[in-house]
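Reading the structure
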Amino acid sequence: MSAVSDRLPVFPWDKLEPYKKTAAAHPDGIVDLSVGTPVDPVPELIQKALVSAADSPGYPTVWGTSELRDAITGWAERRLGARGITHRHVLPIVGSKELVAWLPTQLGLGPGDTVAFPRLAYPTYEVGARLARAEYVAYDDPTELDPAHLKLLWLNSPSNPTGKVLGKRELTRIVAWAREHGVLVLSDECYLELGWEADPVSVLHPDVNGGSVDGLVAVHSLSKRSNLAGYRAAFLVGDPAVLGPLLEIRKHGGMMTSAPTQAAVVAALGDDAHVREQRDRYAARRTLLRQALLDHGFRIEHSEASLYLWATRDESCWDTVAHLAGRGVLVAPGDFYGPAGDRHVRVALTATDERIAAAVARL
């Protein structure tokens, strides 16, 4: 076991425990704005769909029901502007994190192959490369990378942690470069429906890809848009030449979304009203928290989309974490997302209205 675990970095969230204890000692309790886990109720229509499918004694399929594939293709065309999406272009996954962590292995990458991801990034991109024993590199501009051994290029827009959005022109340029060099592009778009000061666009949009999804796969999740983090529900949309072999591999691995969850996803993707309601909740919280941080002496950078505010006081991120923990507010240190984040903190909007109000009052 140590041969595998030794390839991995220290689990970053364990480092936050002492600060969590400090914040929890506040007389009015902790305001946890660190992890970014949804706290609002699962919409009733989704719960009803889950319950109605509860009597599911048989094994589900890895590819999902035809109803689920119809829901994904319809949503991709309606929401992302994708064209010509068929069942062969989609693949359900068991939450997006497992996909990110195991994709390099499932693609057959290993020593001598390189995985690239943004300079400030979700740490699981690196974990996936490490698990596969592949090389990895962080970039500011992916088109400046050496493409010789580059097999997998991760994009993340809107970004976790910064909320930065890549525009159509930038995405088009990157996609063209990747295709020129035969590099597979995986676009993590899990926060795409949460744009505030920008309108995020998918790599699946024909204005970006010229009407072809060759060499492109987008990752989408229902965790944030529909409060389904506890359901582990996500999916891929993109190149059938990539998704077909992945489907076969995942069949062997038994990587199945449960049948009740599949039914819940069909309901979630067919309803836009609950997404608008949840966006409104986050928008209100963002407005209050952003102003409170600015008034407290923070500078907010990027943060034009997603569920986070990327904030700095121009000091060590751990000094900022300690400062806020002393006020009962827990945030994530920026260096969890790479050394370039060592003077920032990530502040999540995922707390109840009451807890957000408490954080604002303390700031």
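Note that this is a predicted model, so its numbers are computed, not measured.

Turning next to the overall build of the protein chain. Per the secondary structure count, the protein chain includes 13 helices and 13 strands. Relative to a compact globule of 363 residues, whose C-alpha radius of gyration would be 21 Å, the protein chain shows 20 Å and is just as compact. Relative to its 363 residues, the protein chain shows a buried fraction of 55%. Computing the positive centroid from 38 side-chain charges and the negative centroid from 44, the protein chain places the two 1 Å apart.

With that settled, the discussion passes to the sheet that holds strand β8 (residues 234-238). Strand pairs in the sheet, formed through backbone hydrogen bonds, run parallel or antiparallel to each other. Across the sheet, which stays open at both edges, the 7 strands sit in the order β2-β8-β7-β6-β5-β3-β4 with mixed pairing between neighbours. Edge positions in the sheet fall to β2 (90-93) and β4 (135-139), since each of these pairs with one other strand and no more. Sheet twist, expressed as the mean angle between neighbouring strand axes with direction ignored, is 20°. Here strand β3 (residues 114-118) pairs with strand β5 (residues 150-156) via 3 bridges, running parallel. Residue pairing across strands places Ala116 opposite Leu153, the latter belonging to β5. Sheet strands touched by helix α5 (residues 96-106): β2, β3, β5, β6 (184-188), β7 (216-221) and β8. Its angle to β5, the strand with the most contacts, is close to 160°. Sitting on the sheet, helix α9 (residues 240-253) is in contact with β2, β6, β7 and β8, with an inclination near 40° to β2.

With that out of the way, let us pick up the pairing of β8. Within β8, 5 of the 5 residues are buried, which leaves it mostly tucked inside the rest of the structure. Taking every second residue as pointing to the same face, both faces of β8 are buried, with Ala234, Leu236 and Gly238 on one and Phe235 and Val237 on the other. Both β2 and β8 contribute to a ladder of 4 bridges, which runs antiparallel. Along β8, the bridge assignment pairs Pro92 with Phe235. Two strands pair when backbone bridges link them, and β7 and β8 are joined in this way by 5 bridges, in the antiparallel orientation.

We now examine the side chain of Glu189. Secondary-structure assignment places Glu189 in the loop between β6 and α8 (206-209). Buried charged residue Glu189 carries no salt bridge. Nearest counter-charge: Arg79, at 9.1 Å. Within polar-contact distance, the side chain of Glu189 engages the side chain of His220 at 2.7 Å. Contact partners of Glu189, with chain neighbours within four places excluded, come to Ser157, Ser202, Val203, Ala218, Val219 and His220.

Glancing now at the nonpolar core. Counting residues in each nonpolar core, the largest one holds 65 residues, and the members touching the most others are Leu33, Trp154, Leu236, Leu289 and Val347. Looking at this core, the element that brings in the most residues is helix α12 (residues 317-325), giving 5 residues. Counting 43 residues, the second-largest nonpolar core is a separate cluster that includes Val42, Val201, Leu222 and Phe235.

Applying the stated criterion across every chain yields a total of 10 aromatic pairs. Aromatic side chains Tyr122 and Tyr125 sit 5.7 Å apart centroid to centroid with 85° between the ring planes, which places their arrangement in the edge-to-face category. Of the two residues examined, Tyr122 and Tyr125, each falls in the buried class. Measuring from ring centre to ring centre gives 5.9 Å for Trp318 and Phe336, while their planes differ by 65°; the resulting arrangement is edge-to-face. Remark: Phe336 occurs in the loop between β12 (332-333) and β13 (345-348) and Trp318 occurs in helix α12; sequence separation between them is 18 residues. Three or more aromatic residues joined by ring pairs make a cluster, and in this case those are Trp13, Tyr19, Trp318, Phe336 and Tyr337. One residue, Arg313, lies across the ring of Phe298, its end atom 5.8 Å from the ring centre. Stacked on the ring of Tyr308, the Lys or Arg Arg346 has its end atom at 3.8 Å from the ring centre.

Conventions adopted
Residues numbered from 1 in each chain as written. Predicted model: local features only at pLDDT ≥ 70, side-chain atom pairs only at ≥ 80, totals over all residues. Heavy atoms only, no water. Helix = DSSP H or I, 4+ residues; strand = E, 2+ residues; numbered from the N terminus. Rg over C-alpha atoms; globule rule 2.2 N^0.38 Å. Buried < 20%, exposed > 50% of the residue type's maximum accessible area, 1.4 Å probe, protein only. Lys, Arg positive; Asp, Glu negative; His and termini not counted. Charge placed at Lys NZ, Arg CZ, Asp CG, Glu CD. Pairing = 2+ DSSP bridges. Axes fitted to C-alpha atoms, helices over the stretch in contact; angles between N-to-C directions. Contact = heavy atoms within 4.5 Å. Salt bridge = Lys/Arg side-chain N within 4 Å of Asp/Glu carboxyl O. Polar contact = N/O pair within 3.5 Å; in protein donor to acceptor, adjacent residues only side chain to side chain. Core = buried A, V, L, I, M, F, W, Y, C linked by side-chain atoms within 4.5 Å. Phe/Tyr/Trp six-rings, centres within 6.5 Å; stacked < 30°, edge-to-face > 60°. Lys NZ or Arg CZ within 6 Å of the ring centre and 35° of its normal.

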